[in-house]
Amino acid sequence: MAVDGNCLFCQIVAGKLPAEVVAENEAALAFRDIRPCAPTHVLVVPKNHIANALQIEAAHIPELTKLFELAQEVARAEKVDQSGFRLVFNVGEDAANSVAHLHMHLIGGHPLGAMA
Ligand code: DGP
């Protein structure tokens, strides 16, 4: 498993920095975003360090499947699976991507509106 010692989310995965963890499996960790934009705002990250979606390759498919399985579990636990939710991966400056460790934002709990 790749680990970047300077990466904030690698340190959260390693338990070296605190986070409000809501779920975990062998390949992914889910924790609440420190600046929530909705009643439910959970970050789902691979434990393996992948910088962003541009770096994803075929070998990552098993861990990405685990990432989505964890997101499904979180959506059900947060009771947004029926009402709906949004999954977002930000990449690069125009998307205001601030942490260079792949992360899925799971956002819901109130109407989010159409993406303009
Ligand atoms: P992005 O803009 O897609 O790179 O999202 C990064 C998110 O990470 C942002 O919504 C805020 C969140 N975040 C930044 N630092 C921390 C932290 O130390 N703990 C937690 N739980 N979330 C953080």
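The structure under discussion appears in the preceding block.
Counting of residues starts from 1 at the beginning of each chain's written sequence and follows it residue by residue. For this predicted model, a pLDDT threshold of at least 70 governs which residues receive local features, and a threshold of 80 or more governs which side-chain atom pairs are given and counted, while totals over whole chains, interfaces and linings are taken from all residues. With hydrogens and water excluded, all non-hydrogen atoms of the structure serve as input to the side-chain values.

> An account of the pattern of salt bridges is requested, with residue identities and associated values reported.
Counted as salt bridges are all cases of a side-chain nitrogen of Lys or Arg within 4 Å of a carboxyl oxygen of Asp or Glu. Counted according to the given criterion, the structure contains five salt bridges. Glutamate 24 is paired through a salt bridge with lysine 47; the nearest N and O atoms lie 2.8 Å apart. Residue glutamate 24 is found in strand S1 (residues 21-24), and its partner lysine 47 is found in the loop between strand S3 (40-46) and helix H2 (61-77); the two are separated by 23 residues along the sequence. Note on lysine 47: relative accessible area 13%, which makes it buried. Residues lysine 66 and glutamate 26 are paired through a salt bridge, measuring 3.3 Å at the closest nitrogen-oxygen approach. Of this pair, lysine 66 sits in helix H2 while glutamate 26 sits in the loop between S1 and strand S2 (28-32), placing them 40 residues apart in sequence. Taken together, the shared-partner salt bridges in this structure form one network comprising Glu20, Arg32 and Glu78. The secondary structure listing takes helices from DSSP runs of H or I that are at least 4 residues long and strands from runs of E that are at least 2 residues long, numbered from the N terminus. Exposed residues in this analysis have more than 50% of their type's maximum accessible area, buried residues have under 20%, and partly exposed residues fall in between, with area computed by a 1.4 Å probe over protein chains only.

> Describe unusual backbone geometry, listing the residues and the values that go with them.
Phi angles above zero are rare outside glycine, and lysine 79 is one such case at about 60 degrees. Mapping lysine 79 onto the fold places it in the loop between H2 and strand S4 (85-88). Assessed through its relative accessible area of 67%, lysine 79 is described here as exposed. Here alanine 96, not a glycine, exhibits a phi torsion of approximately 60 degrees, which is positive. With respect to the secondary-structure elements, alanine 96 resides in the loop between S4 and strand S5 (104-108).

> Pulling in residues and values, what's your account of a nonpolar patch on the surface?
A patch consists of residues exposed above 30% relative accessible area that lack any salt bridge, with like charges linked at up to 9 Å and nonpolar side chains (Val, Leu, Ile, Met, Phe, Trp, Tyr) linked at up to 5 Å. Note on areas: Shrake-Rupley with a 1.4 Å probe; residue coverage comes only from the protein chains shown. Taken together, the side chains of Phe68, Phe85, Leu87 and Phe89 present a nonpolar region at the surface, about 320 Å² in accessible area. Within the fold, phenylalanine 89 resides in the loop between S4 and S5.

> A description of the site of the ligand should follow, citing residues and the corresponding values.
Around the ligand lies a shell of 16 residues, among which Asp33, Asn90, Ser98, His103 and His105 are the nearest. In protein, a polar contact means a hydrogen-donor-capable atom and an acceptor-capable atom, both N or O and within 3.5 Å, with residues adjacent in sequence counting only if both atoms are side-chain atoms; elsewhere, any N or O pair within 3.5 Å suffices. Within the backbone of arginine 32, one N or O atom sits 2.8 Å away from a nitrogen atom of the ligand. Burial of the ligand by the surrounding chains reaches 86%, relative to a free accessible area of 510 Å². Secondary-structure elements contributing two or more residues to the shell around the ligand are helix H1 (8-13) and S2. Here the shell around the ligand gets three residues from one element, more than from any other, and that element is H1. Polar here means any residue other than Ala, Val, Leu, Ile, Met, Phe, Trp, Tyr, Cys and Pro, which are nonpolar, and Asp, Glu, Lys and Arg, which are charged; Gly is therefore polar. When its residues are assigned to classes, the shell around the ligand shows eight nonpolar, five polar and three charged. Any residue with a heavy atom lying within 4 Å of a molecule or strand is counted as near it.

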